[in-house]
Amino acid sequence: MRIASFLGQKGGVGKSTLARVLAVAAAHEGHRVLIGDFDLEQLTCVEWSAMRMRQGIEPDIDAQAFKSLKKLRKTVSDYDLVVVDTRGLADELTEDVSMESDVVFLPSGTSMDDLRPTLALARRLAKTRSVSNKIVIVLSKTGRSERLMQEAQDTISDAGFDMLNAVWPERDGFQADLDVGRAGSESSNPHLKQAAKDVELAMMTLALGWKS
Ligand SMILES: Nc1ncnc2c1ncn2[C@@H]1O[C@H](COP(=O)(O)OP(=O)(O)OP(=O)(O)O)[C@@H](O)[C@H]1O
Ligand SMILES: [Mg+2]
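Procedures and definitions
- Starting afresh in each chain, residues are numbered from 1 along the sequence in its written order.
- Throughout, the order in which chains and ligands are written sets their labels, letters from A for the former and numbers from 1 for the latter.
- The predicted nature of this model means local features are confined to residues of pLDDT at least 70 and side-chain atom pairs, given and counted, to a pLDDT of 80 or more, with totals for whole chains, interfaces and linings taken over all residues.
- Note that water and hydrogens are dropped before the side-chain values are worked out from all heavy atoms of the structure.
- Numbering of helices and strands starts at the N terminus; helices are DSSP runs of H or I of at least 4 residues and strands are runs of E of at least 2.
- Put simply, the radius of gyration uses C-alpha atoms, and a globule should come to 2.2 Å times the residue count raised to 0.38.
- Accessible area is worked out with a 1.4 Å probe on protein chains only. A residue is then buried under 20% of its type maximum, exposed over 50%, and partly exposed in between.
- Note on contacts: a residue pair is in contact if any heavy atoms of the two residues lie within 4.5 Å.
- Accessible areas in this description were obtained via Shrake-Rupley with a 1.4 Å probe; residue shielding takes into account the shown protein chains only.
- Charged residues are defined narrowly, with Lys and Arg counted positive, Asp and Glu counted negative, and His plus the chain ends left uncounted.
- To locate a charge, take atom NZ for lysine, CZ for arginine, CG for aspartate or CD for glutamate.
- The residues that make up patches have over 30% relative accessible area and no salt bridge, and they are joined within 9 Å when like-charged or within 5 Å when they are Val, Leu, Ile, Met, Phe, Trp or Tyr.
- Note on definitions: salt bridges are taken to be side-chain nitrogens of Lys or Arg within 4 Å of carboxyl oxygens of Asp or Glu.
- Each nonpolar core is a collection of buried residues, namely Ala, Val, Leu, Ile, Met, Phe, Trp, Tyr and Cys, held together in the definition by side-chain atoms within 4.5 Å.
- For each residue, the test is whether any non-hydrogen atom lies within 4 Å of the molecule or strand; if one does, the residue is near.
- Under the rule applied, a polar contact is a pair of N or O atoms within 3.5 Å (in protein, one hydrogen donor and one hydrogen acceptor; residues adjacent in sequence only if both atoms are side-chain atoms).
- Charged means Asp, Glu, Lys or Arg here, nonpolar means Ala, Val, Leu, Ile, Met, Phe, Trp, Tyr, Cys or Pro, and polar covers whatever is left, Gly included.

Caption draft 1: Layout of the overall build of the protein. When helices and strands are tallied, the protein shows nine helices and eight strands. Since a compact globule built from 212 residues should have a radius of gyration of about 17 Å, the 16 Å found for the protein is in line with a globular shape. Dimensions along the principal axes, computed over C-alpha positions, put the protein at roughly 45 × 40 × 35 Å. The 212 residues of the protein split such that 48% are buried. In the protein, the share of contacts with a sequence separation of at least 24, taken over all contacts with a separation of at least 6, comes to 76%. Accessible area of the protein: about 10200 Å², with a carbon and sulfur share of 46%. Treating the 27 positive side-chain charges of the protein as one cloud and the 31 negative ones as another, the clouds have centres 3 Å apart.

Caption draft 2: Region of interest: a positive patch on the surface. There is a patch of like positive charges on the surface, built from Lys67, Lys70, Lys71 and Lys74. Mapped onto the secondary structure, lysine 71 falls in helix α3 (residues 69-75). Look at lysine 71 and you get exposed, because its relative accessible area is 54%.

Caption draft 3: Molecular detail of the pattern of salt bridges. A full pass over the atoms with the stated rule returns eight salt bridges. Taking the shortest distance from any N to any O, the salt bridge between arginine 32 and aspartate 80 comes out at 2.8 Å. Linking arginine 32 in the loop between α1 (15-28) and β2 (33-37) with aspartate 80 in the loop between α3 and β4 (81-85), this pair joins segments that are 48 residues apart in sequence. Measuring nitrogen to oxygen at the nearest pair gives 3.0 Å for the salt bridge that ties glutamate 95 to arginine 124. In this pair, glutamate 95 sits in helix α4 (residues 92-100) while arginine 124 sits in helix α5 (residues 112-126), placing the two residues 29 residues apart along the sequence. Of the residues examined, glutamate 95 reaches a relative accessible area of 27% and is grouped as partly exposed. By relative accessible area, arginine 124 is classed as partly exposed at 32%.

Caption draft 4: Seen up close, the nonpolar core. Core analysis: the largest hydrophobic core is formed by 37 residues, its most contacted members being Leu22, Val83, Phe105 and Met203. Top element by residues in this core is α1. It accounts for nine residues. Setting aside residues no more than four positions away along its own chain, valine 83 makes contact with Ala4, Phe6, Ala19, Leu22, Ala23, Val33, Leu34, Ile35 and Gly36. Grouped together as the second largest cluster of nonpolar side chains are 27 residues, Phe66, Leu69, Val82 and Leu139 included.

Caption draft 5: Looking closely at the site of ligand 1. Of all residues adjacent to ligand 1, which total 19 residues, the nearest are Gly12, Lys15, Ser16, Thr17 and Pro169. The separation between a nitrogen atom of ligand 1 and a polar side-chain atom of tryptophan 168 is 3.1 Å. Protein chains shield 83% of the accessible area of ligand 1, which is 630 Å² for the free molecule. Secondary structure elements with two or more residues in the shell around ligand 1: α1, β8 (168-169) and α8 (172-179). The residue makeup of the shell around ligand 1, split by class, is five nonpolar, eight polar and six charged.

Laid out in structure tokens, this is it:
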């Protein structure tokens, strides 16, 4: 069993979305996957999983709410991959989850407003030696400016952190899919599907050592 977590200090950067994209990718490959939703106020992934079931979208993706890692540990033995979604803040749970994870994804926009707190969190988590080589920053909800993208990539590599080798582009169509229980490569739009597949492949490779 592997654990891939989505952590961050900021709200709205794409944690819950990328968690669902990864879970969908793993489920389509036949892996038994659970989303552990630690955002008890929003329960984004739990609500989405219920919507997915109501819409009859296959494969089902289990999502359960968890308050503590202890509960999660007791539940997860039946799964190949547990995708952990968390709240948009950095607290003790953030550190505990990072230590338990095989890969720690930190989604961030390209602006310094997003990158500064993301890198600050990355540095904090990296103080734990066993975590430092698991941290992967994911450029998320990116716009179309090549210059902003390049600057963000330079900022991340100057800070000495790894970056996912695909970005998650901002597109309205992804929202419409999420609202009806789909995610990522399940998009009916071929352009969105391809963009999602690139991110899926990159995340799957890190989460499960998977190659297409
Ligand atoms: N690539 C994208 N293009 C357009 N909208 C997106 C994209 N990815 C996510 N969104 C939208 O952005 C919003 C925030 O995304 P999401 O809920 O994944 O962020 P989050 O980091 O989990 O936020 P929170 O900290 O509040 O839990 C959602 O409305 C989601 O539908
Ligand atoms: Mg969320």
